[in-house]
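Overview (structure and organization)
Spelled out, the chains give:
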Amino acid sequence: MNILILGSGGREHALTWAVKQNPKCDRLIVAPGNAGIAQIAECAALDIEDGGAVASFAAENAIDFVIIGPEAPLACGVADRLREAGLLVFGPSAGAARLEASKSFTKEICDAANAPTAGYGHFTDAEAAKAHIRANGAPIVVKADGLAAGKGVIVAMTEQEALDAIDDMFGGAFGGAGAEVVIEEFMEGEEASLFVLVDGEEVLSVGTAQDHKRVGEGDTGPNTGGMGAYSPAPVLSAEIERIAMDEIVKPTMAEMVKRGVPFQGILYAGLMIKDGQPRLVEYNVRYGDPECQVLMLRLGAQAFDLIHAAAEGRLAETSVNWADDHAMTVVMAANGYPGSYEKGSEIKGLNILPDDSSQVVFHAGTKADGDKIVASGGRVLNVTARGATLQEARDRAYAMAESIDWPEGFYRNDIGWRAL
Ligand code: AMP
Ligand code: GLY
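Structural notes, computed from the coordinates. Every chain is numbered on its own, with residues counted from 1 as its sequence reads. Going through the entries in the order they are written, you letter the chains from A and number the ligands from 1. Selection of residues for local features in this predicted model requires a pLDDT of at least 70, selection of side-chain atom pairs for listing and counting requires 80 or more, and totals for whole chains, interfaces and linings are taken over all residues. Each side-chain value is worked out from all heavy atoms of the structure, with water and hydrogens disregarded.

1. Section: the overall build of the protein chain
- Elements are defined by DSSP. Helices are runs of H or I of four residues or more, strands are runs of E of two residues or more, and each kind is numbered from the N terminus. Looking only at helices and strands, the protein chain features 12 helices and 23 strands.
- Computation of the radius of gyration draws on C-alpha atoms, with the globule rule given as 2.2 Å multiplied by the number of residues to the power 0.38. Relative to a compact globule of 420 residues, whose C-alpha radius of gyration would be 22 Å, the protein chain shows 21 Å and is just as compact.
- For the C-alpha atoms alone, the extent of the protein chain along its principal axes is close to 60 × 50 × 40 Å.
- The classification of residues rests on relative accessible area computed with a 1.4 Å probe and restricted to protein chains. Under 20% of the type maximum is buried, over 50% is exposed, and intermediate values are partly exposed. When the 420 residues of the protein chain are sorted by exposure, 57% land in the buried category.
- Two residues form a contact once any of their heavy atoms are found within 4.5 Å. Summarising the internal contacts of the protein chain: among those between residues at least 6 apart in sequence, 69% fall at separations of at least 24.
- Surface summary for the protein chain: the accessible area is close to 16200 Å², and the carbon and sulfur share equals 46%.
- For the protein chain, the separation between the mean place of its 34 positive charges and that of its 60 negative charges on side chains is 0 Å. Computed by Shrake-Rupley with a 1.4 Å probe, the accessible areas treat only the displayed protein chains as cover when residues are assessed. The sign given to each residue is positive for Lys and Arg and negative for Asp and Glu; His and the chain ends receive no count. Taken as the charge centre is NZ of Lys, CZ of Arg, CG of Asp or CD of Glu, depending on the residue.

Pasting the structure below:
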């Protein structure tokens, strides 16, 4: 099979790594890819948010199957355009991608499906939003309705912070994404993520993970896209996973079918867990980054069979062959991230690292400069390992991170601390 993967981050490097190992894979092209991906697959320059351009490229290259990594092309209908062209696609339609692209849509689906989530109000007017905040007090959570690259959520510990967030959002701080806001009840608990393949109403759990969103050790400092992750998430026990599937995932997916927008792809359920009860924080319509990296390392080549089965509507006859293992990924980021940082610094020592089914360095923001690898983004490398225990996975990952020679980068030393 000729396969095209869309995206350029660590998530897509991990997907490429897993797909490449599967004997069903003949030719593998990644657009646009990065320097790490280029070591194991062909890379092609392509505007992945232009569905017409992707469809033409797929036709020219005899592509049989397209796997869409990030949310942006999904939200703007690239999957729809490719399906119209007769291609097999992994990833939801634009209509179903609203589960990530519109917070108010997700809340409405949860209400209709009676799925446990935070109480909320939906506002298109700043004064009404402020009145709601004054009536409810802090802590309270203010969210831009649309996609805001992970930055549209303000967890306000004081009423003033929440009121200021309303001014920012209606003042255009998040562009069109902030023209509507959702204000939510603050939920306490421990967060974890559940990843579920979906082909309409059929669902299949493909693992749990926890990430570290804050830049600093002890989970302090500004929010990032994720500084590290591990799988499985101990807080998401088999019983809590069952409750989350029965009370949240299955009823909301059934509601999507009922509304004529069935979901197909990977559903990332962000959960808040307290006293044995999960509640939905958010849905994403793609693999988490860097959560995907730990899931792919644990699943290996079968990850492709699972994705393929979801795309072909065969999940009912599919199961996961789990090893009793743990995986961890440590993100190496450019000094200054998530604020401003420099690009172009050289990363040395990558070619002497182990690279096997238990340890891999996935590239997130790198590019080749002659025979050098240089940083080209904020999150740059995902040092990923697995082991029989989380401690073993951790030791392997950190041993690799320590031997990478990149003074212009940093990483957190405490990934997994809650679980260890
Ligand atoms: P989201 O983009 O919706 O996942 O929100 C980003 C982060 O904000 C989440 O991962 C949580 O840590 C936090 N958050 C979002 N909604 C709530 C809520 N209702 N209560 C507490 N924390 C929240
Ligand atoms: N790691 C969080 C995300 O992918 O949204």
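2. Quick notes on unusual backbone geometry
- The step from A31 to P32 runs through a cis peptide bond, and the omega angle for that step is -10°.
- When you line up the elements, P32 lands in strand β2 (residues 27–32).
- Here the residue pair S231 and P232 is connected by a cis peptide bond, since its omega of 0° sits within 30 degrees of zero.
- Within the element layout of this structure, P232 appears in the loop between β14 (228–231) and α9 (238–258).
- Backbone geometry places A62, a non-glycine residue, at a positive phi of 50°.

3. Regarding the pairing of β2
- We call two strands paired when DSSP finds no fewer than two bridges between them. Where strand β1 (residues 2–7) and β2 come together, 6 bridges link them in parallel fashion. Each bridged residue has a counterpart across the sheet, and for L4 the counterpart in β2 is I29.
- With the strands pointing away from the viewer, any crossover whose connection runs clockwise from the first strand over the helix to the second is right-handed. Once you follow β1 into helix α1 (residues 10–21) and on to β2, the crossover reads as right-handed.
- Across 2 bridges, the pairing between β2 and strand β3 (residues 42–43) is parallel. Looking across to β3, one finds that I29 is bridged to E42.

4. Details of the environment of A44
- Turning to its location among the elements, A44 is positioned in the loop between β3 and α2 (51–60).
- By relative accessible area, which is 14% here, A44 ends up buried.
- Sequence spacing of A44 and V206 is 162 residues, and the spatial spacing of their C-alpha atoms is 29 Å.
- Beyond its immediate sequence surroundings of up to four residues, A44 is in contact with I29, V30, A31, P32 and F57.

5. Let's talk about the pairing of strand β17 (residues 326–334)
- With respect to burial, β17 is a largely interior element, 8 of its 9 residues being buried.
- Of the strand pairs in this sheet, β14 and β17 are connected by 4 bridges, and their pairing is antiparallel. Note on β17: the bridge partner recorded for Y230 is M328.
- Pairing between β17 and strand β22 (residues 379–387): 8 bridges, direction antiparallel. When the bridges of β22 are listed, M328 appears paired with A385.

6. Notes on the side chain of K130
- Along the chain, K130 falls in helix α7 (residues 126–136).
- On the basis of relative accessibility, which here comes to 11%, the residue K130 falls in the buried class.
- In contact with K130, not counting residues within four places along its chain, are L163, I166 and D167.

7. Here's the deal with the sheet that holds strand β8 (residues 153–156)
- Sheet architecture is open: 4 strands sit in the order β6-β9-β7-β8, paired in antiparallel fashion. If you trace the sheet from one side to the other, it starts and ends with β6 (120–123) and β8, each paired once. Neighbour-to-neighbour, the strand axes of the sheet open up by a mean angle of 15°, direction not taken into account.
- The pairing of strand β7 (residues 140–144) with β8 spans 4 bridges and is classified as antiparallel. Across the sheet, K143 pairs through a bridge with V153, a residue of β8. Note on method: axes are straight lines fitted to C-alpha atoms, helices fitted across the in-contact stretch only, with angles between N-to-C directions ranging 0 to 180 degrees.

8. Some thoughts on the site of ligand 2
- Note on definitions. A residue lies near a molecule or strand when any single heavy atom of the residue is within 4 Å of it. Taken together, D211, G225, Y268, R286, G288, D289, P290 and E291 make up the full set of residues adjacent to ligand 2.
- Within the side chain of D211, one N or O atom sits 3.0 Å away from a nitrogen atom of ligand 2.
- Protein contact buries 88% of the 200 Å² of open area that ligand 2 shows by itself.
- Following the grouping adopted for this structure description, the nonpolar residues are Ala, Val, Leu, Ile, Met, Phe, Trp, Tyr, Cys and Pro, the charged ones are Asp, Glu, Lys and Arg, and the polar ones are all others, Gly among them. For the shell around ligand 2, the residue count by class is 2 nonpolar, 2 polar and 4 charged. We define a polar contact as two N or O atoms separated by no more than 3.5 Å, with the added condition that, inside protein, one atom must be a possible hydrogen donor and the other a possible acceptor, whereas residues neighbouring each other in sequence contribute only through side-chain atom pairs.

9. Observations regarding the packing of aromatic side chains
- Side-chain rings of Phe, Tyr and Trp, where Trp is taken by its six-membered ring, are said to pair if the distance between their centres is within 6.5 Å; with planes under 30 degrees apart they count as stacked, over 60 as edge-to-face, and otherwise as tilted. Going through the model one piece at a time under the given rule, you end up with 6 aromatic pairs.
- Ring geometry for F195 against Y287: centres 6.3 Å apart, planes inclined by 20°, an arrangement best described as stacked. Residue F195 is located in strand β10 (residues 190–199), and its partner Y287 is located in the loop between β16 (277–284) and α10 (291–299); the two are separated by 92 residues in the primary sequence.
- Relative accessible area serves as the criterion here: at 0%, F195 is assigned to the buried category.

10. Brief notes about empty space enclosed by the protein
- Detection works on a 1 Å grid of protein atoms alone, calling trapped sets that fit a 1.4 Å probe cavities and calling open sets with protein on both sides within 12 Å along at least five of seven lines pockets, with lining residues defined by an atom within 4 Å of a point. Grid points are joined across faces, edges and corners, and a volume is the space filled by probe spheres set on the points. Per the counting criterion, the structure on display carries 1 cavity of 30 Å³ or more.
- As a volume, the largest cavity reaches approximately 110 Å³.
- As for the largest cavity, its lining consists of 13 residues, of which K103, T106, V281, E282 and Y283 are closest to the centre.
- Counting residues per element, the ones that place at least two in the lining of the largest cavity are α5 (94–101), α6 (103–113) and β16.
- A breakdown of the residues in the lining of the largest cavity according to their chemical character gives 5 nonpolar, 2 polar and 6 charged.

In short, shape yes, function no, at least from these values alone.
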